[in-house]
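# Analysis of the macromolecular model
Here are the chains, one letter per residue:
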Amino acid sequence: MIEAHWSLFLVASLAVIATPGQDMLLVMSRSLTHGTRAGLATAAGVSLGLVGHTVLATLGLGALLRASDWLFTGIKLAGAAYLLYLGVHLLRTRDAALAIGSATPGSLLRLFATGAASNLGNPKIAVFYFAFLPQFVPRPAEHPTLSIFALGLAFAALTFVIKGPVAVFAGRLSGWFRSRPEALLWLYRVSGFVMIGLAVRLALSRRAEA
């Protein structure tokens, strides 16, 4: 039997997920520039990344990241480098009008992978999972590891439930940008600077901030 304080977990998780952050901004930018399906694909990728963090938390990697400076720094810098790459790519965009609404099955797969990579590249999420999930497992639980795994999967599912509608709402605005390529180009620029800012923030972050 999986034992957990589900009501408290639900409230706390929704509060955390609804807070704007790296993943939320990525989903919104993809919806605005490529349409609703692109945003949903990115949101699904983010949720898959959280499933990966669930497995890692279950295996105890969160504790290892908290204990190992070099491992935390290595994963952190890899994630920051990926965000930097995304930001520079957005800043270098010239003909934004050709990109909007052009999400194909192939590009949707890439966007899905982008969402997963962005999430998995943030070691602070692994540390957060390790500190957050056990709080909702009762002390006398017979199978605490299984409970943590179930909570992590639930958190990943809730993430898509929250970010999915955000993708749909932002996607509805893509038509407005489609008719205004100059505005879309500026959106690329702003999104690029935001991604670079997030990359710098992640690179300079410490485990104590997680």
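As a reminder, the structure under discussion sits directly above these lines.
Residues numbered from 1 in each chain as written. Predicted model: local features only at pLDDT ≥ 70, side-chain atom pairs only at ≥ 80, totals over all residues. Heavy atoms only, no water.

## Remarks on the overall build of the protein chain
To be explicit about the condition: Each helix corresponds to a stretch of at least 4 residues labelled H or I by DSSP, and each strand to a stretch of at least 2 residues labelled E; elements are numbered beginning at the N terminus. Per-residue accessibility, obtained with a 1.4 Å probe over protein chains only, is compared with the maximum for each type, and a residue is labelled buried under 20%, exposed over 50%, and partly exposed between these values. Every residue pair with non-hydrogen atoms within 4.5 Å of one another is taken to be in contact. Surface accessibility in these figures is a Shrake-Rupley result with a 1.4 Å probe; residues are shielded only by whichever protein chains are displayed.
A count of helical and extended segments in the protein chain gives 10 helices and 0 strands. Taken from the N to the C terminus, the helices and strands of the protein chain come in the order α-α-α-α-α-α-α-α-α-α. Sorting the 210 residues of the protein chain into buried and exposed places 45% on the buried side. Contacts spanning at least 24 positions in sequence make up 88% of the contacts within the protein chain whose residues lie at least 6 apart. As displayed, the protein chain offers around 10700 Å² of accessible surface, 69% of which is attributable to carbon and sulfur atoms.

## Quick word on the nonpolar core
We apply this condition: Take the buried Ala, Val, Leu, Ile, Met, Phe, Trp, Tyr and Cys residues and link them wherever side-chain atoms come within 4.5 Å; each set so joined is a nonpolar core.
Ranked by internal contacts, the top residues of the largest apolar core, which has 15 residues, are Phe9, Leu50, Tyr129, Phe132, Leu133, Leu151 and Phe155. Taken together, the elements giving at least two residues each to this core come down to helix H1 (6–18), helix H3 (36–59), helix H7 (123–132) and helix H8 (144–172). Counting residues per element, this core draws most heavily on H8, at 5 residues. Beyond its immediate stretch of four places on either side in the chain, Phe155 contacts Phe9, Ser13, Val16, Ile17, Leu50, Phe128, Tyr129 and Phe132. Counting residues in each nonpolar core, the second largest holds 10 residues, with Leu26, Leu83, Leu86 and Leu90 among its members.

## Details of the environment of Asp23
Rule in force here: Identification of polar contacts relies on pairs of N or O atoms within 3.5 Å, with a donor-acceptor requirement for protein atoms, meaning one able to donate a hydrogen and the other able to accept it, and with residues adjacent in sequence counted only if both atoms are side-chain atoms.
Checked against the element boundaries, Asp23 lands in helix H2 (residues 22–34). Take Asp23: its relative accessible area is 12%, and that puts it in the buried class. As for Asp23 and Thr42, which are separated by 19 residues in sequence, their C-alpha atoms are 8.8 Å apart. Leave out the neighbours within four places in its chain, and Asp23 touches Val46, Ser118, Asn119, Ile125 and Lys163. At 2.8 Å, the side chain of Asp23 forms a polar contact with the side chain of Asn119.

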